[in-house]
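Chain residues, written in single-letter form:
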Protein chains: 2
Amino acid sequence: MSRGESSETGARILAAAEDLVIREGVSRLTLDSAAQEAGVSKGGILYHFPSRAALVSAMVERFVVSFEADLVERQAYSKEPGAFTRAYLEATFDPREAPADCREIRLGGALLAGVTSDPELLKPMRERFETWQAALEQDGIPAEVATVVRLAADGLWLSDLFELAPVSAEARAEVRAQLLALLERAISNRS
Amino acid sequence: MSRGESSETGARILAAAEDLVIREGVSRLTLDSAAQEAGVSKGGILYHFPSRAALVSAMVERFVVSFEADLVERQAYSKEPGAFTRAYLEATFDPREAPADCREIRLGGALLAGVTSDPELLKPMRERFETWQAALEQDGIPAEVATVVRLAADGLWLSDLFELAPVSAEARAEVRAQLLALLERAISNRS
DNA sequence: ACAAGTATACCGTCTGGACGGTACAGTACC
DNA sequence: GGTACTGTACCGTCCAGACGGTATACTTGT
């Protein structure tokens, strides 16, 4: 289907497209603008990604895989109860790429927002969320506690994305502590 | 700027546009499609809303006002601590228009997703969120508890909107109970 | 009372630009 | 001689917005 990021130029195109999407949103991502951003011709883009949709799809895929990797890393293969829930919480509250604009997080939202026209493009993201939710429910703590943590984390993401009353750094730390306390309580209370 | 919904036809256009957006997303809202849906000509639309952006903007405004009214109604002017937080929680978990697909909630998300191209259109929504967040922080309970509730509610909204591992009705009730318990604990523990 | 003028509420066509995608000829490197 | 492009030219579609027109109601001067 698409040569994608297997090649050097393909990866550069993808990265440039991501920059563009983060800066201006998916709706402003055109083949021409992406070509310009990547320093490549339009033909060059279509050589690597057979259509605009394929390009967007590759971005979604990459985003999902990246967050997934973050989760795995944080969990560090711990099997303790609540480990996955904690990883999810921390991955959202203290993103890896803290520097300034938190590229990855913003990208996800821009993508999320931009692909509503074509539900097919959201499919990989939907599938991952289902997987994560399932993992949360099997995390050795009550499912409703894990779900509360997940929803709050997702809510934080939402507020960051669209800048809907974003939570300040201090408040964020307090909220994080509150959720961790909830988590600890659930761990020590389990039967 | 726009005659808007002050007239009968203006309101009909707005309602028709909302239906269209809920069904197909903002990207599919064109002047032509809206005209057809409303049983009005394209010129007729532009008479009431001077541009497509004005139409979308009116929808955002209406959505925000509607949710706001829901909050006020649920709060019923109670001044008890946690009243606003509880109202926010319940407005999200048990939407007024329960029937089927919950029109209002879906509309908000479709709008949210669709207006990323023009950040200006989100402004009224941003302002409201700031107001609500401020109210939550002044609700007579610790701000971090109120914020956790808000974030979880927003997270639920997000998951519904994009169908990202949506929470089942039973799980939703349990999560709601969990958050209410957190709220009650905060109320009884306040100094 | 009645013509003339004016404002309101639309209708429907046209245009110009943006964009996705195609086609293809050419280039440079390995 | 194939792989990896560049560059240009072009097609078809979609769509916002402009614009000229129309029908009806309401006002105003006489």
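Procedures and definitions
- Residues numbered from 1 in each chain as written.
- Chains lettered and ligands numbered in written order.
- Predicted model: local features only at pLDDT ≥ 70, side-chain atom pairs only at ≥ 80, totals over all residues.
- Heavy atoms only, no water.
- 1 Å grid on protein atoms, 1.4 Å probe; cavity = no way out; pocket = protein on both sides within 12 Å on 5 of 7 lines; lining within 4 Å.
- Points joined across faces, edges and corners; volume = space filled by probe spheres on them.
- Helix = DSSP H or I, 4+ residues; strand = E, 2+ residues; numbered from the N terminus.
- Contact = heavy atoms within 4.5 Å.
- Buried area = accessible area lost by both parts, 1.4 Å probe.
- Salt bridge = Lys/Arg side-chain N within 4 Å of Asp/Glu carboxyl O.
- Polar contact = N/O pair within 3.5 Å; in protein donor to acceptor, adjacent residues only side chain to side chain.
- Least-squares fit on C-alpha atoms with pLDDT ≥ 70 in both.

1. Overview of empty space enclosed by the protein
Thought 1: A full pass over the atoms with the stated rule returns three cavities of 30 Å³ or more.
Thought 2: Lining the largest cavity are 18 residues, and of these Phe-63, Phe-67, Glu-104, Ile-105 and Trp-157 of chain A sit closest to its centre.
Thought 3: At four residues, the largest contribution of residues to the lining of the largest cavity is made by helix α4 (residues 52–75) of chain A.
Thought 4: If you add up the space inside the second largest cavity, you get close to 130 Å³.
Thought 5: As for the second largest cavity, its lining consists of Phe-63, Phe-67, Tyr-88, Thr-92, Glu-104, Ile-105, Phe-129, Trp-132, Ala-153, Asp-154 and Trp-157 of chain B.
Thought 6: Among the secondary structure elements, those contributing two or more residues to the lining of the second largest cavity are α4 (52–75), α5 (83–93), α6 (103–114), α7 (123–137) and α8 (143–162) of chain B.
Thought 7: For the lining of the second largest cavity, the element with the most residues is α8 of chain B, which contributes three residues.

2. Comments concerning the side chain of Glu-18 of chain B
Thought 1: As for its position among the elements, Glu-18 of chain B is in helix α1 (residues 8–24).
Thought 2: Ignoring any residue separated from it by four or fewer positions in sequence, one finds Glu-18 of chain B in contact with Met-59, Arg-62, Arg-103 and Leu-107 of chain B.

3. Observations regarding the environment of Glu-120 of chain A
Thought 1: Note that Glu-120 of chain A resides in helix α7 (residues 119–137).
Thought 2: Here the alpha-carbon distance between Glu-120 of chain A and Arg-172 of chain A, two residues 52 residues apart in the chain, equals 34 Å.

4. Topic: the interface of chain A and chain B
By a frequent convention, interface size equals the accessible area lost on bringing the separate parts together.
Thought 1: Contact with chain A, which involves 37 residues of that partner, is made by 37 residues of chain B.
Thought 2: For the pair chain A and chain B, the two sides together bury roughly 3,300 Å², of which 71% comes from carbon and sulfur.
Thought 3: Taken as a group, Leu-151, Phe-162 and Leu-164 of chain A account for 18% of the area that chain A buries against chain B, more than any other trio of residues on that side.
Thought 4: Our count for the contact surface shared by chain A and chain B stands at zero salt bridges.
Thought 5: Our enumeration of links across chain A and chain B arrives at eight residue pairs in polar contact (both at pLDDT 80 or more).
Thought 6: At the level of elements, α6 (103–114), α7, α8 (143–161) and α9 (169–189) of chain A are the ones that each hand at least two residues to the side of chain A that touches chain B.
Thought 7: Per element, the largest residue contribution to the side of chain A that touches chain B is 13 residues, and it comes from α8 of chain A.

5. Let's talk about the relation of the copies chain A and chain B
Thought 1: Take chain A, turn it by 179°, move it 0.0 Å along the axis, and it overlays chain B with an RMSD of 0.2 Å. Each copy turns onto its partner about a two-fold axis.
Thought 2: Comparing contact sets, 100% of the residues at the interface of chain A also lie at the interface in chain B, consistent with an isologous, same-surface contact.

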